[in-house]
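# Breakdown of the fold
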Amino acid sequence: MSNPSAGAGDVFDVRKIRRLVELMNEHELNEIDLRQADMRIRLRRGDADFTGPVEYVPARAAAPAAPAAPAAAAPAGDSAASDNFTYINSPMVGTFYLASSPDSAPFVKVSDHVGPDTIVCIVEAMKVFNEIPAEISGRVVSVLAENGEPVEFGQPLFKIDPKG
Amino acid sequence: MQPVEFLDVARLRAVDWLREVEHHGELASTNDRAIARLRHGDLVAPALIVTDAQTAGRGRGSNRWWSSGGGLTFTLVVSADGDGAPGGHRLEPRSWPRLALSAATAVAAVLETRVPRHSFGVRWPNDVFTEDRKISGILVEAPVISAPNGTDPPSTGPAAKHLVIGIGLNVNNSVAQAPEDVRARATSMLDLTGAPHDLTGVLIDLIEQVHGRLGRLACDDETLSAEWQALCLLRGRTVTLDTGRRQIRGTCLGIQPDGGLAIDAAGQTERYYGGVLSEVV
């Protein structure tokens, strides 16, 4: 995970998977979900019904040693002081969409820069599709919700580096 | 004189509270067109965008609204804060989740009047059905439009200033001409009555009914929520709701005053605000 120039296929390297499992045990993580280009690896342990937020590791950035740990456990806002990140939270209960339609490109991707009025996602509530603006400036560190999955009021959707 | 099967734009423009009527022979999506006009900054609400044929109407996810000549596919654009428009209504964001439901009750009201001897109901949260066949679908969007030069940045919460209400209704487009899968699960006003309907008259009735309900929604009129509770098609039926994360199977207890759907599953009643609902037959 520490080599940012690694090819896309490296995400499936057995040694890395072993290391990820070690990290999950070490930090008591229930789930790790990594995406690189069009490849994905998702590891789960313990309760299969785990429904906490999922973090995607940026493909281009050098990944930290324990990529899924902090955001998966961090409540929105509270962690800003400790890790200098901030979060875009869902303003309502609904279903989270990363793109305006299944055929469209996502509004934003990891490492994109967003401004206060950048649309980052849609939250649908009872067939009303609400575009959600970032309301802050910074760089997208990770996407914390799954496309097409339900989100709660106040749930963190994106992790943002305001200095990015 | 236009045959009744065709839209008479002059009659539409005579609706006194509409500030703009835009008519197309063919359009990919009236909602997309409305949002593009809003982003361009030259659409004045309340506005109506209507097309004779829609080629890429959107539904939930990858669903598409089937549309051919003779049907109504249109978008009503209203300002969320009323904007001093004639009869404009200030619609607080907390009321937005009930917009599609309110529009569905408006469609049902028009159908009850124009298609007697048939009963219509709402399949939560936005489809209108009769006799297990869909006749109308609704999709509402709340787009965020950036102010020029970065002024007036969005405040907290949903930042949309306009609400884009897209409605498809099968009027004179007989499903006899539709693909087989559509024929089995859809119907039109023509199919139900055996005679063509005044397309423009139906459209004017519809936008008036929707407009009236927006006013009632804005003031939390309890008679509006009573309408959707009475129109709930699946109350008392066994249903499954797929929320994307889990499937809930239970007895539908009906659409609640806040627009949520109550389901009793193994003695536990919960209220839901999203997901794909289906009936267990």
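Residues numbered from 1 in each chain as written. Chains lettered and ligands numbered in written order. Predicted model: local features only at pLDDT ≥ 70, side-chain atom pairs only at ≥ 80, totals over all residues. Heavy atoms only, no water.

### A few points about the overall build of chain A
Counting secondary structure elements, chain A contains 3 helices and 10 strands. Each helix and strand of chain A, ordered N terminal to C terminal, gives the series α-β-β-α-α-β-β-β-β-β-β-β-β. The buried share among the 164 residues of chain A stands at 46%. When contacts within chain A are restricted to residue pairs at least 6 apart in sequence, those whose partners lie at least 24 apart make up 56%. With an accessible surface of roughly 7,600 Å², chain A has 52% of that area assigned to carbon and sulfur atoms. (Helix = DSSP H or I, 4+ residues; strand = E, 2+ residues; numbered from the N terminus. Buried < 20%, exposed > 50% of the residue type's maximum accessible area, 1.4 Å probe, protein only. Contact = heavy atoms within 4.5 Å. Areas by Shrake-Rupley, 256 points an atom, 1.4 Å probe, with all protein chains shown as cover.)

### Let's talk about the overall build of chain B
Across its full length, chain B carries 7 helices and 12 strands. Counting across all 281 residues of chain B, residues that qualify as buried make up 53%. Excluding contacts between residues fewer than 6 apart, the proportion of contacts in chain B whose partners are at least 24 apart in sequence is 66%.

### Quick notes on the nonpolar core
B:L72 and B:L169 are the most contacted members of the largest nonpolar core, which totals 68 residues. With 10 residues, helix α3 (residues 99-114) of chain B is the single largest residue contributor to this core. Residue-level mapping places this core at the junction of two domains, with at least three residues from each of domain 1 (9-230) and domain 2 (234-280) of chain B. Judged by nonpolar contacts, the second largest core, of 20 residues, contains A:I88, A:F96, A:I132 and A:I160. (Core = buried A, V, L, I, M, F, W, Y, C linked by side-chain atoms within 4.5 Å. Domains from an automatic or database assignment.)

### Remarks on the packing of α3(B) against helix α6 (residues 199-218) of chain B
Residues and elements named next belong to chain B. Relative orientation of the contacting elements α3 and α6 amounts to 135 degrees, with a least axis distance of 9 Å. It follows from the interaxial angle that α3 and α6 lie oblique. When you trace α3 past α6, the crossing you get is right-handed. Residues L99, S102, T105, A106, V107, A109, V110 and R114 of α3 lie in contact with α6, whose contacting residues are G201, V202, D205, L206, Q209, V210, R213, L214 and L217. When the residues that make up the contact of α3 with α6 are grouped by side-chain class, the tally is 10 nonpolar, 4 polar and 3 charged. (Axes fitted to C-alpha atoms, helices over the stretch in contact; angles between N-to-C directions. Parallel < 35°, antiparallel > 145°, perpendicular 65-115°, else oblique. Left-handed = near helix turned anticlockwise from the far one by under 90°. Nonpolar A, V, L, I, M, F, W, Y, C, P; charged D, E, K, R; others polar.)

### Observations regarding the domain arrangement of chain B
Residues and elements named next belong to chain B. As far as domains go, chain B holds domain 1 (9-230) and domain 2 (234-280). Summed over both sides, the interface of domain 1 with domain 2 buries roughly 1,100 Å², with 57% coming from carbon and sulfur. On inspection of domain 1 and its partner domain 2, the count reaches 0 salt bridges. Across the contact surface, domain 1 and domain 2 share 3 residue pairs in polar contact (both at pLDDT 80 or more). (Buried area = accessible area lost by both parts, 1.4 Å probe. Salt bridge = Lys/Arg side-chain N within 4 Å of Asp/Glu carboxyl O. Polar contact = N/O pair within 3.5 Å; in protein donor to acceptor, adjacent residues only side chain to side chain.)

### Here we look at the sheet that holds strand β9 (residues 247-255) of chain B
All names here are of chain B. Pairing is antiparallel in the open sheet, where 5 strands are placed in the order β11-β10-β9-β8-β12. Only two strands of the sheet have a single neighbouring strand rather than two, namely β11 (268-272) and β12 (276-279). Averaged over all adjacent pairs, the angle separating strand axes in this sheet is 40 degrees, with direction ignored. As defined by bridge partners, strand β10 (residues 261-265) adjoins β11 across 5 bridges and the pair is classed as antiparallel. Across the sheet, D264 pairs through a bridge with T269, a residue of β11. (Pairing = 2+ DSSP bridges.)

### Quick look at the side chain of B:N31
Residues and elements named next belong to chain B. Tracing the backbone through its elements, the reader meets N31 in helix α2 (residues 30-40). Residue classification places N31 among the buried positions, given a relative accessible area of 6%. Polar contacts involving the side chain of N31 include one to the side chain of T75, which spans 2.6 Å. Here the side chain of N31 touches E141 through a polar contact of 3.0 Å, side chain to side chain.

### Considerations on the environment of B:G250
All names here are of chain B. Residue placement: G250 occurs in strand β9. Among the residues examined, G250 registers a relative accessible area of 9% and is labelled buried. Sequence separation of G250 and T269 is 19 residues, and the distance between their C-alpha atoms is 9.1 Å. When neighbours within four sequence positions are excluded, G250 is seen to be in contact with R237, T238, V239, I263, D264 and A265.

### Thoughts on helix α7 (residues 222-231) of chain B
Residue and element names in this part refer to chain B. For α7, every residue scored as buried is listed here: L224, S225, E227, W228 and L231. Angularly, the buried residues of α7 cover 145 degrees about the axis, an arc narrow enough to put them on a single face. Facing away from the buried side of α7 by over 90 degrees, the exposed positions are E222 and A230. Considering only its buried residues, α7 is in contact with α3, β4 (121-123), α6 and β9. (Arc of directions from axis to C-beta.)

### A few points about the packing of α6(B) against α7(B)
Residues and elements named next belong to chain B. Put simply, α6 and α7 touch, their axes get as near as 8 Å, and they point 115 degrees apart. Between α6 and α7, the residues in contact are R213, R216 and L217 and T223, L224 and E227, respectively. Per-class residue counts for the contact of α6 with α7 are 2 nonpolar, 1 polar and 3 charged.

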